[in-house]
Amino acid sequence: MTRTDAPPSDYRLLVPRDWFRVDLTQERWRRQLKIFVDKESAKGSASSEVTRTIWTTLRNTAESGLAHGALEFFLKTEVCDSVTLPASLLTSLRLTPPELTPHPAELAQRLTVRCGHDTDVGVLELPAGTVVQTRTETTMDFHVHMPGNVGYLHLSFSVPLSGTNSPLGDLCEAIAHSLRWV
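Let me begin by describing the structure that accompanies this report. (Residues numbered from 1 in each chain as written. Predicted model: local features only at pLDDT ≥ 70, side-chain atom pairs only at ≥ 80, totals over all residues. Heavy atoms only, no water.)

**Brief notes about the nonpolar core**
Ranked by size, the top nonpolar core spans 21 residues in total, and within it Leu89, Phe142, Leu155 and Phe157 carry the most contacts. Counting residues per element, the ones that place at least two in this core are strand E4 (83–95), strand E7 (139–145), strand E8 (151–158) and helix H4 (167–177). Non-local contacts of Leu89, meaning those with residues more than four positions away in its chain, are made with Leu13, Val15, Trp19, Glu72, Phe73, Phe74, Leu155, Ser156, Phe157 and Ile175. Leu24, Trp29, Trp55 and Leu58 belong to the second largest nonpolar core, which has 14 residues in total. (Core = buried A, V, L, I, M, F, W, Y, C linked by side-chain atoms within 4.5 Å. Buried < 20%, exposed > 50% of the residue type's maximum accessible area, 1.4 Å probe, protein only. Helix = DSSP H or I, 4+ residues; strand = E, 2+ residues; numbered from the N terminus. Contact = heavy atoms within 4.5 Å.)

Below, the structure written as structure tokens:
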């Protein structure tokens, strides 16, 4: 096995400083998430019901992500026509034995069937390696094939207000392109 084929020990991702990071590997992640929601609700005129709904949605997203190997949750408040919702990035690690890791083309076929006709699925090359990308109007996922064929790092972006065909969507793509293995 060559050095480039060795499984990475970590990854680096360039996320702008104004995105709030929640470390899902620490027990305090709920408190961190609550700090984000409280801070953002104090800025605007969101009702307590809207704030509770946002908190519940983000908590459920984090809990579901944790059940599937989530490591980090990044949040960026987005405002459009006086509506405030967070854009997000959830990073997850899905390790598999090398003999069970699907080839990116195979994963793309599976995702095409699973996601349906309103999702664009493609295989592309990024500096970190081969990626299976899925894209809808408001979501963009990057399944990055890890060196050593040990699984995938999943970058899941949600851009509910401006959508993926926007400057924020372009920023999400740039974040995915910044991924490097350590």
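**Quick word on helix H3 (residues 104–115)**
Over its 12 residues, H3 extends 16 Å from the first C-alpha to the last, a length consistent with the 16 Å expected when each residue adds 1.5 Å. Listed as buried for H3 are Pro104, Leu107, Ala108 and Leu111. Seen end-on, H3 carries its buried residues on one side only, within an arc spanning 100 degrees. Along H3, exposed side chains directed more than 90 degrees from the buried face belong to Gln109 and Val113. The secondary structure elements touched by the buried residues of H3 are strand E5 (120–126), strand E6 (129–135), E7 and E8. (Expected span 1.5 Å × (residues − 1). Arc of directions from axis to C-beta.)

**Quick look at helix H1 (residues 29–43)**
Taking 1.5 Å as the rise per residue, H1 with 15 residues should run 21 Å; its terminal C-alpha atoms sit 22 Å apart, in good agreement. Of the residues making up H1, those classed as buried are Trp29, Gln32, Leu33, Phe36, Val37 and Glu40. Taken around the axis of H1, the buried residues stretch over an arc of 135 degrees, which confines them to a single face. Across H1 from its buried face, at more than 90 degrees, point the exposed residues Arg31 and Ala42. The inward-facing, buried residues of H1 contact strand E2 (20–23), helix H2 (48–67), strand E3 (70–80) and E4.

**Let's talk about the side chain of Thr134**
Secondary-structure assignment places Thr134 in strand E6. Under the relative-accessibility criterion, Thr134 is labelled buried at 6%. In contact with Thr134, not counting residues within four places along its chain, are Leu111, Cys115, Thr119, Asp120, Val121, Thr139, Met140, Asp141 and His143.

**A few points about unusual backbone geometry**
Phi at Asn149 is positive, roughly 55 degrees, even though this residue is not glycine. Looking at the secondary structure, you find Asn149 in the loop between E7 and E8.

**Topic: the sheet that holds E6**
In spatial order, the strands read E2-E3-E4-E8-E7-E6-E5; together these seven strands make up an open sheet with antiparallel pairing. A strand with exactly one partner marks an edge of an open sheet, and here the two such strands are E2 and E5. Each strand of the sheet is rotated relative to its neighbour by a mean of 20 degrees, with strand direction disregarded. Inspection of the sheet shows E6 paired to E7 by five bridges, in the antiparallel sense. (Pairing = 2+ DSSP bridges. Axes fitted to C-alpha atoms, helices over the stretch in contact; angles between N-to-C directions.)

**Focus on the packing of H1 against H2**
Here H1 crosses H2 at 150 degrees, and the two axes come no closer than 10 Å. Classed by the angle they form, the pair H1 and H2 counts as roughly antiparallel. Classified by chirality, the crossing of H2 by H1 is right-handed. Residue-level inspection shows Trp29, Arg30, Leu33, Lys34, Phe36, Val37 and Ser41 of H1 in contact with H2, the latter providing Thr51, Ile54, Trp55, Leu58, Arg59, Ala62, Glu63 and Leu66. Counted by class, the contact of H1 with H2 contains nine nonpolar, two polar and four charged residues. (Parallel < 35°, antiparallel > 145°, perpendicular 65-115°, else oblique. Left-handed = near helix turned anticlockwise from the far one by under 90°. Nonpolar A, V, L, I, M, F, W, Y, C, P; charged D, E, K, R; others polar.)

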